[in-house]
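Structural overview for review
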Amino acid sequence: MFMKEAIMQAGNMQEAIPVDALSSDADGAPVNVSRRGFIAGLGAGALVIGFSLRSGRALADVTAGGLETVKGGDATPSLFIAIESDGSVKLTCHRSEMGQQVWTSMAQILADELEADWSRLSIVQAIGDPRYGDQNTDGSRSVRWNFHRLRVAGAAMRTMLERAAAAQWGVDAGDCRGERHLVRGPGGRTAGYGELAAAAAAQDVPAESEVGLKERAQWRFIGKDVPSLTVPRIVRGEGTFGIDVRLPDMLVAVVARPPQVFGRVRSVDDQAALKVPGVVGTVTLPALEPPAMFKALGGVAVVAEDTWAAMQGRQALQVQWEAGPNAGYDSDSFAETIAATAREPGDVRRSRGDVDAALEGAAKRIEADYYVPHLSQSPMEPPAATARWTGGRVECWACVQAPQATRAAVAEACGVPEEDVTINVTWLGGGFGRKSKPDFVVEAALIAREIDRPVKVTWTREDEVRHGYYHSVSAQHMEGALDQDGRCTAFLHRTVFPPIPSTFQAGAEQPSWGELRLGASDNPFAVPNLRLETGNAPAHVRIGWLRSVANIYHAFAIQSFAAELAHAAGRDQKDYLLELIGPPRRVDPRDEGAEYDNYGDPMDEYPIDTGRLANVVREVAALSGWGRSLKKGQGLGIAAHRSFLSYVATVVEVEVDADGRLTIPGVWSVIDAGTVVNTRHVTAQVEGGTLYGLSNTLYGAITAKNGAIEQSNFPSWRLMRMNESPRAMEVKIVASNAPPGGVGEPPTPPAGPALTNAIFAATGLRIRRLPIFTNDSGDRLPVDTLS
Amino acid sequence: MAITLNVNGTSHEIEVPEGTPLLWVLRDRLGMTGTKYGCGIAQCGACTVHVDGQPRRACVTPVESVGKAEVTTIEGLQGEVADAVRGAWQDIDVPQCGYCQSGQIMAAVSLLQSTPDPDDADIDQGMSGNLCRCATYLRIRQAIRNAAADVSA
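Just so you know, these numbers come straight off a predicted model, no measurement behind them. (Residues numbered from 1 in each chain as written. Chains lettered and ligands numbered in written order. Predicted model: local features only at pLDDT ≥ 70, side-chain atom pairs only at ≥ 80, totals over all residues. Heavy atoms only, no water.)

When helices and strands are counted, chain A shows 18 helices and 32 strands. For chain A, buried positions account for 66% of its 787 residues. Sequence separation of 24 or more characterises 77% of the internal contacts of chain A that already satisfy a separation of 6 or more. Element-wise, carbon and sulfur atoms account for 48% of the exposed surface of chain A, whose accessible area totals about 26100 Å². (Helix = DSSP H or I, 4+ residues; strand = E, 2+ residues; numbered from the N terminus. Buried < 20%, exposed > 50% of the residue type's maximum accessible area, 1.4 Å probe, protein only. Contact = heavy atoms within 4.5 Å. Areas by Shrake-Rupley, 256 points an atom, 1.4 Å probe, with all protein chains shown as cover.)

Structure follows, in structure tokens:
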């Protein structure tokens, strides 16, 4: 059985390196595969080490207990690292590169322990295969789930090279040291990694206990400001994204999809479409039946020689649609419905003390309702996928975040075994969660089989905006009690939203524990009486996940309400937030009846540590000059949130003029993500993640009328532009030896409430309903409505 | 329709339907995928190229309207300003996913060619047509300033 990897090099698609079947070690330790036979494509003297990515990480879609039980795989190691006889090093990256610089961070971790010369290292993108373990590039976990394994693999390889040198020199292996691509031995002897590769390949792989990992002080790459492996290509327009894939004999398809989810084609007249120059045919896709899952939405594909012809062809297509069961979905009325649900008692999901009694006995009671609309991930590259059938087997090339889920979805939709489906992963022009859902790859596979030529399905921007898996729409009801001294004695949070499970289970309406653990169940506030409730809401669109997911609306409500409580108590917002966070301690929501899995990591390794949360609040307050005197119309807002095991606190400064025009002079953000691998890229993620949150808060709204999405392209669906962005931003990374936490998503949740809290501080205008600016607000805050 | 298109110093004799946007001629016909599609309605700037040195949105530029003008794409961009911009972009790793960055670089080079010492307002003006969902705006701004200083040095 062959396993193929796709090499992305300078815009060229090269065919895969076939490798012999790799066998595992029972407990997943690295295994020397070099001796298992000829490995085509690599030189004869290569050292290839395979190592398992099994671990104790239990995940919803990976059975705990190892690769033996993973669907579709046998217990073989996965990622391989090859050192060729010329000294070049290839590392498989099993995570998708979408701008978070995962290629670079994985390479840094390996290169450090291997003591490799950075310039000799290149990345091979992995296909989707369960033997890699988890490949879902979401959840901000590439570093935290691969940090230790990559270190061990690198150290093991270095040890094998040292032992090979020692054997050749007839000296003790302990006197040989791998350093920057050379093994140095006694008497000034050196040998390059390349020349040692063949001899090292004859070695046994040392056990983890035999290899020495570096001390932090010895790190050359980890924790440093290492430049990106991808940027030098990007600035030349090189690199293959999903939409860039070109195959011989390839056609392009653009699909007309039902405006409503579970709508279907009633009739289609493709005569005019077929007359468009370049159009070769149309394909009607199967109608979508609930649950949506990752299946194709249905509709009619226009297939043409090139993209423009396909787009023109679709415009000429005449389709009559049956609207289906979601035709009544109206965002305005739905907002009222979920707000009403949120005002009624709900299902208790976490409870401490007696919230009702405390509310009754309160000196002051505060109540607030918050609303966050649907959002679309909108990576700049819309979804695109290419499929090619050879007999009963299909190969796909696509910008996917979850290549194994993609493989399963394509296999299911096409009625073929997964072994007959190969998913090659390109670079992603952004993901943010949209490309975790491979409906677009299913489309390509179905159409290509029908047409019997390779087909690239390209989604237009309108398609991406109108046919998404949206961030869910939510209503949050908050109630708080203050005592005589303004201290918060009760905190009620009720959250209502159509849940992600609705996409996978028809009729699912209850917010899931998996979404509550994202900022609601793990509210760390030190309030004596606290309760979390949920209310049900049906889904009328495909609900998906968007960068930081439910943390967005949970943090918006909790951090905004914290500011409202502070104001009601007549207190400084930052001081009050620290008081709510309380003394340094570990919080465990399971003690209070909440289902909580800590983002898939053990609580003792990654506790909910209020000391770390308070610390980032204090740090960002100092960084931003919290408390400095401000002019009229200026205001500072603060928010702090733990998500994906990291802690982020953000301060936003706004300036609002007399006409209600808003500018953002400054943003400050402090992140505690434990051990960080690349300081410049972590900083970039904090910048980008924060601005992503600000953009969505300022302008983001996906709304439906008669079940169809009202927005279509920029600007009806609006994204922040350069002239609307903060004038300056400063990021601080807390120095920490704690295990690595997530980085890609944690900056997003605090951004929105920090902004709206700043607007309140500047103007007295309390914004509880997003977006801040709708398409007809003229970008003016209604400051003239304030007394 | 038979036309001759000059791209990055090379002449291409091609047959295309009238009205085909330059973007799709570049990407599909000539295989030059460095210029990207983001919206198709000149709202995002991912398709920015230079036509006789001026920035244009290739997605709404009918190919026949280019005539004999010189088209420059990211693949063929060169010169002192381009080198400075590429260098500045790499020094601080401006790109994240990189998909919008061909357009950003083309726009930045145009900006610096017309305004060698841009202030914040100039940068807003020159660059606000280019969307970045990864929101690398802070670094784009800094890199433009750095490139400007580099060129004038």
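Still to come is the rest of the account.
Attention now moves to the sheet that holds strand β17 (residues 364-372) of chain A. All names here are of chain A. The strand order across the open sheet built from 5 strands is β16-β24-β23-β22-β17, with neighbouring strands paired in mixed fashion. What marks the edges here is a single partner per strand, and that holds for β16 (347-352) and β17. Neighbour-to-neighbour, the strand axes of this sheet turn through a mean angle of 10°, independent of strand direction. Across 9 bridges, the pairing between β17 and strand β22 (residues 474-482) is antiparallel. Across the sheet, residue Asp369 finds its bridge partner in β22, namely His477. Helix α14 (residues 551-568) rests against β17, β22 and β23 (488-496) of the sheet, and its axis sits at about 150° to β17. (Pairing = 2+ DSSP bridges. Axes fitted to C-alpha atoms, helices over the stretch in contact; angles between N-to-C directions.)

For the rest of this paragraph, the subject is the packing of helix α3 (residues 101-114) of chain B against helix α4 (residues 120-127) of chain B. All names here are of chain B. Where α3 meets α4, the closest approach of the two axes is 9 Å, and the angle between their N-to-C directions is 130°. With respect to their mutual orientation, α3 and α4 come out oblique. At the point where α3 passes α4, the crossing takes the right-handed sense. Taken together, the residues of α4 that come into contact with α3 (itself represented by Gln104, Ala107, Ala108 and Leu111) are Asp122, Ile123, Gly126 and Met127. Residue composition of the contact of α3 with α4, by class: 5 nonpolar, 2 polar and 1 charged. (Parallel < 35°, antiparallel > 145°, perpendicular 65-115°, else oblique. Left-handed = near helix turned anticlockwise from the far one by under 90°. Nonpolar A, V, L, I, M, F, W, Y, C, P; charged D, E, K, R; others polar.)

Bringing the interface of chain B and chain A into the picture now. Contact residues are listed per partner, giving 51 residues for chain B and 61 residues for chain A. Across the chain B to chain A interface the summed buried area is about 4700 Å²; carbon plus sulfur atoms make up 57%. Summed over the three residues of chain B that lose the most area to chain A, namely Gln96, Arg133 and Leu138 of chain B, the buried surface amounts to 19% of that side. Ionic pairing is found between Arg139 of chain B and Glu687 of chain A, a salt bridge with its closest N-O pair at 2.8 Å. Where chain B packs against chain A, one counts 28 residue pairs in polar contact (both at pLDDT 80 or more). Listed by contribution, the elements that provide at least two residues to the side of chain B that touches chain A are α1 (22-29), α2 (80-91), α3, α4 and α5 (137-152) of chain B. The element best represented in the side of chain B that touches chain A is α5 of chain B, accounting for 5 residues. A breakdown of the residues in the side of chain B that touches chain A according to their chemical character gives 23 nonpolar, 15 polar and 13 charged. (Buried area = accessible area lost by both parts, 1.4 Å probe. Salt bridge = Lys/Arg side-chain N within 4 Å of Asp/Glu carboxyl O. Polar contact = N/O pair within 3.5 Å; in protein donor to acceptor, adjacent residues only side chain to side chain.)

An α-helical turn contains 3.6 residues, so any two residues separated by three or four positions project in the same direction. For helix α6 (residues 307-316) of chain A, the set of buried residues is Thr307, Ala309, Ala310, Met311, Gly313 and Arg314 of chain A. Structurally, the start of α6 of chain A carries an N-cap: the backbone nitrogen of Trp308 of chain A is 3.3 Å from a side-chain oxygen of Asp306 of chain A.

Glancing now at the sheet that holds strand β32 (residues 729-733) of chain A. Residue and element names in this part refer to chain A. Reading across from one edge, β27-β28-β29-β32 is the order of the 4 strands in this open sheet, with mixed pairing throughout. Both outer strands of the open sheet, β27 (634-643) and β32, are each paired with one neighbouring strand and no more. Direction aside, neighbouring strands of the sheet carry axes that sit 15° apart on average. With 5 bridges joining them, strand β29 (residues 662-672) and β32 adopt parallel strand pairing.

Residue and element names in this part refer to chain A. Residues of chain A with pLDDT of at least 70 account for 90%, and the chain-wide mean is 90. Mean pLDDT across the secondary structure elements of chain A bottoms out at strand β1 (residues 3-9), with 26, and peaks at strand β28 (residues 646-656), with 99. Within the model, the stretch residues 1-28 combines pLDDT values under 50 with 85 contacts to residues more than four positions away or in other chains. In the predicted structure, residues 53-78 sits below a pLDDT of 50 and forms 71 contacts with residues beyond four places in sequence or in another chain. (pLDDT = per-residue confidence, 0-100.)

With that settled, the discussion passes to the packing of aromatic side chains. Counted according to the given criterion, the structure contains 17 aromatic pairs over all chains. With centroids separated by 5.7 Å and ring planes inclined at 85°, the aromatic side chains of Tyr370 of chain A and Phe556 of chain A adopt a geometry described as edge-to-face. Placement of Tyr370 of chain A in strand β17 and of Phe556 of chain A in helix α14 is noted, with a sequence separation of 186 residues between them. In terms of burial, Tyr370 of chain A and Phe556 of chain A fall into one category: buried. When the centroid spacing of 5.0 Å and the interplanar angle of 50° are considered together, the rings of Phe497 of chain A and Tyr553 of chain A count as tilted. One end of the pair, Phe497 of chain A, is in the loop between β23 and α12 (501-504); the other, Tyr553 of chain A, is in helix α14, with 56 residues separating them in the sequence. Residues Phe497 of chain A and Tyr553 of chain A agree in their burial class; the two are buried. Three or more aromatic residues link up through ring pairs in this structure, and these residues are Trp103, Phe241 and Trp427 of chain A together with Tyr99 of chain B. Here the basic side chain of Arg517 of chain A rests over the ring of Tyr599 of chain A, its NZ or CZ set 5.7 Å away from the ring centre. The residue whose ring lies beneath Arg766 of chain A is Phe760 of chain A, and the NZ or CZ to ring-centre distance is 4.1 Å. (Phe/Tyr/Trp six-rings, centres within 6.5 Å; stacked < 30°, edge-to-face > 60°. Lys NZ or Arg CZ within 6 Å of the ring centre and 35° of its normal.)

All names here are of chain A. As a packed pair, helix α17 (residues 679-699) and helix α18 (residues 748-763) sit with axes 7 Å apart at the nearest point and diverge in direction by 50°. Relative to α18, the element α17 is oriented oblique. Every pair of crossing elements has a handedness; the one defined by α17 and α18 is right-handed. The residues of α18 that touch α17, namely those facing Gly689, Thr690, Tyr692, Gly693, Leu694, Thr697 and Leu698, are Thr748, Ala751, Gly752, Leu755 and Thr756. Broken down by class, the residue content of the contact of α17 with α18 amounts to 5 nonpolar, 7 polar and no charged.

All names here are of chain B. A contiguous patch of negative charge on the surface is contributed by Glu80, Asp83, Asp91 and Asp150. With 3 residues, the single largest contributor to the negative patch is α2. Mapped onto the fold, Asp91 is located in helix α2. We classify Asp91 as exposed; its relative accessible area is 57%. (Patch = residues over 30% accessible without salt bridge, like charges linked within 9 Å, V, L, I, M, F, W, Y side chains within 5 Å. Lys, Arg positive; Asp, Glu negative; His and termini not counted. Charge placed at Lys NZ, Arg CZ, Asp CG, Glu CD.)

The subject of this paragraph is the pairing of strand β20 (residues 421-425) of chain A. In terms of burial, β20 of chain A is a largely internal element, 4 of the 5 residues being buried. A crossover connection joins strand β19 (residues 393-398) of chain A to the parallel β20 of chain A through helix α9 (residues 403-414) of chain A; in handedness this β-α-β unit is right-handed. (Right-handed = clockwise from strand over helix to strand, strands pointing away.)

With that out of the way, let us pick up the pattern of salt bridges. Residue and element names in this part refer to chain A. Counted under the stated rule, the structure contains 59 salt bridges over all chains. Residue Arg350 is joined to Glu592 by a salt bridge in which the shortest nitrogen-to-oxygen separation is 2.8 Å. One end of the pair, Arg350, is in strand β16; the other, Glu592, is in the loop between β25 (586-587) and β26 (608-609), with 242 residues separating them in the sequence. In this structure Arg350 comes out as buried when scored by relative accessible area, which is 1%. Asp439 is paired through a salt bridge with Arg434; the nearest N and O atoms lie 3.1 Å apart. Judged by its relative accessible area of 0%, Asp439 falls in the buried class.

With that out of the way, let us pick up the nonpolar core. Among the nonpolar cores identified, the biggest contains 283 residues, and Ile447, Phe491 and Leu781 of chain A together with Leu5, Leu22 and Trp89 of chain B are the most heavily contacted of them. In terms of residue count, the dominant contributor to this core is helix α2 (residues 142-169) of chain A (12 residues). Leave out the neighbours within four places in its chain, and Ile447 of chain A touches Ala253, Val255, Val283, Leu285, Ala301, Val303, Val455 and Val457 of chain A. Grouped together as the second largest cluster of nonpolar side chains are 7 residues, Ala358, Ala481, Ala490 and Leu492 of chain A included. (Core = buried A, V, L, I, M, F, W, Y, C linked by side-chain atoms within 4.5 Å.)

So, about the pairing of β22 of chain A. Residue and element names in this part refer to chain A. Of all 9 residues that make up β22, 9 are buried, and the element is covered over most of its length. A two-sided burial pattern is seen for β22, the buried positions comprising Ser474, Gln476, Met478, Gly480 and Leu482 on one face and Ala475, His477, Glu479 and Ala481 on the other. When β22 meets β23, the two strands line up antiparallel, connected through 8 bridges. Of the residues in β23, the one forming a bridge with His477 is Arg494. With antiparallel pairing between neighbouring strands as the criterion, β22 and β23 make up a hairpin whose turn holds 5 residues, including Gly486 at a positive phi of roughly 80°.

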